[in-house]
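Chains, contacts and geometry: an overview
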Amino acid sequence: VQLQASGGGLVQAGGSLSLSCAASGRTFSSYVLGWFRQAPGKEREFVAVIDWSGTTTEYAASVKDRFTASRDNTKNTVYLQMNMLKPEDTATYYCAAGSRWAYSGRWNRRDFGYWGQGTQVTVSS
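Throughout what follows, the structure given in this document is the object of discussion. Because the structure is predicted, anything quoted here is derived from the model rather than measured.

Structurally, W35 can be placed in strand β4 (residues 32–38). Looking at W35, the relative accessible area reads 0%, which means it is buried. In this structure W35 touches L19, S20, C21, E45, F46, V47, A48, V78, Y79, L80, Y94 and C95, once residues within four positions along its chain are discounted.

Below, the structure is given as structure tokens:
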């Protein structure tokens, strides 16, 4: 599967942005989809994940109650709605696809075999 993220930009603190990630291929619904982010000088970190049908989501503690992941399997697209943005949310955001659910609740890069190219989100204070 090939992934293409979009929707990043510059926003003031407290504002909102919606990211999209479009996927190619006819097996989109067979993938668990995740969002990660990487700030300059930092490691890529888990943000959110959504299961195959879109009924179950998990979030990093730092974004819980502010970010919402969703997916539309008819459009081969996964979304990340980001509200109440903070300057520390500034990063390049990546979407990723994997085949397994981490029932431990601990997500890392190795759970995902396919990655999009990233989209920049900058939050000004």
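Moving on from the model shown.
Under the criterion given, the structure shown has 3 salt bridges. With a closest N to O distance of 2.9 Å, D89 and R37 form a salt bridge. Of this pair, D89 sits in the loop between β8 (77–82) and β9 (91–98) while R37 sits in strand β4, and the two are 52 residues apart along the sequence. Taking relative accessible area as the criterion, D89 reaches 1% and is therefore assigned buried. D89 is paired through a salt bridge with R66; the nearest N and O atoms lie 2.7 Å apart. Of this pair, D89 sits in the loop between β8 and β9 while R66 sits in the loop between β6 (57–59) and β7 (67–72), placing them 23 residues apart in sequence.

Further remarks concern the sheet that holds β8. Strand-to-strand pairing in sheets goes through backbone hydrogen bonds, with the strands running parallel or antiparallel. Spatial ordering of the open sheet is given by β1-β3-β8-β7, a layout of 4 strands whose pairing is antiparallel. The sheet is open, and its two edges are formed by β1 (3–6) and β7, each paired on a single side. Along the sheet, successive strands turn relative to each other by an average axial angle of 15°, direction set aside. With 6 bridges joining them, strand β3 (residues 17–23) and β8 adopt antiparallel strand pairing. Of the residues in β8, the one forming a bridge with C21 is V78.

Now for the state of the cysteines. This model, assessed by the stated rule, comprises 1 disulfide. Each disulfide pairs two cysteine sulfurs, and for C21 the partner residue is C95, the sulfurs being separated by 2.0 Å. Residues C21 and C95 are joined by a disulfide whose S-S torsion is about 60°; by sign, that bridge is right-handed. A residue pair is termed long-range when its members are at least 10 positions apart, and C21 in strand β3 and C95 in strand β9 qualify at 74 residues.

What follows deals with the nonpolar core. In this structure, W35, V47, F67, L80, M82, Y93 and W107 are the most contacted members of the largest nonpolar core, which totals 38 residues. Counting residues per element, the ones that place at least two in this core are β1, β3, β4, β5 (45–50), β7, β8, β9 and β11 (119–124). Look past the residues within four positions of F67 in its chain and what remains in contact with it is R37, V47, Y59, L80, Q81, M82, N83, L85, D89 and Y93.

Taken as a whole, this structure holds 9 aromatic pairs when the rule is applied. Plain terms: the ring middles of F36 and F46 are 5.8 Å apart, the flat faces sit at 75° to each other, and that makes the pair edge-to-face. Of this pair, F36 sits in strand β4 while F46 sits in strand β5, and the two are 10 residues apart along the sequence. Here F36 matches F46 in class, with each residue buried. Through a chain of ring-to-ring contacts, three or more aromatic side chains come together here, namely F36, F46, W52, W101, W107, F112 and W115. Between R44 and the ring centre of W115, over which it is positioned, the NZ or CZ distance is 5.0 Å.

Rules of the game
- Residues numbered from 1 in each chain as written.
- Predicted model: local features only at pLDDT ≥ 70, side-chain atom pairs only at ≥ 80, totals over all residues.
- Heavy atoms only, no water.
- Helix = DSSP H or I, 4+ residues; strand = E, 2+ residues; numbered from the N terminus.
- Buried < 20%, exposed > 50% of the residue type's maximum accessible area, 1.4 Å probe, protein only.
- Contact = heavy atoms within 4.5 Å.
- Salt bridge = Lys/Arg side-chain N within 4 Å of Asp/Glu carboxyl O.
- Pairing = 2+ DSSP bridges.
- Axes fitted to C-alpha atoms, helices over the stretch in contact; angles between N-to-C directions.
- Disulfide = S-S within 2.5 Å.
- Core = buried A, V, L, I, M, F, W, Y, C linked by side-chain atoms within 4.5 Å.
- Phe/Tyr/Trp six-rings, centres within 6.5 Å; stacked < 30°, edge-to-face > 60°.
- Lys NZ or Arg CZ within 6 Å of the ring centre and 35° of its normal.

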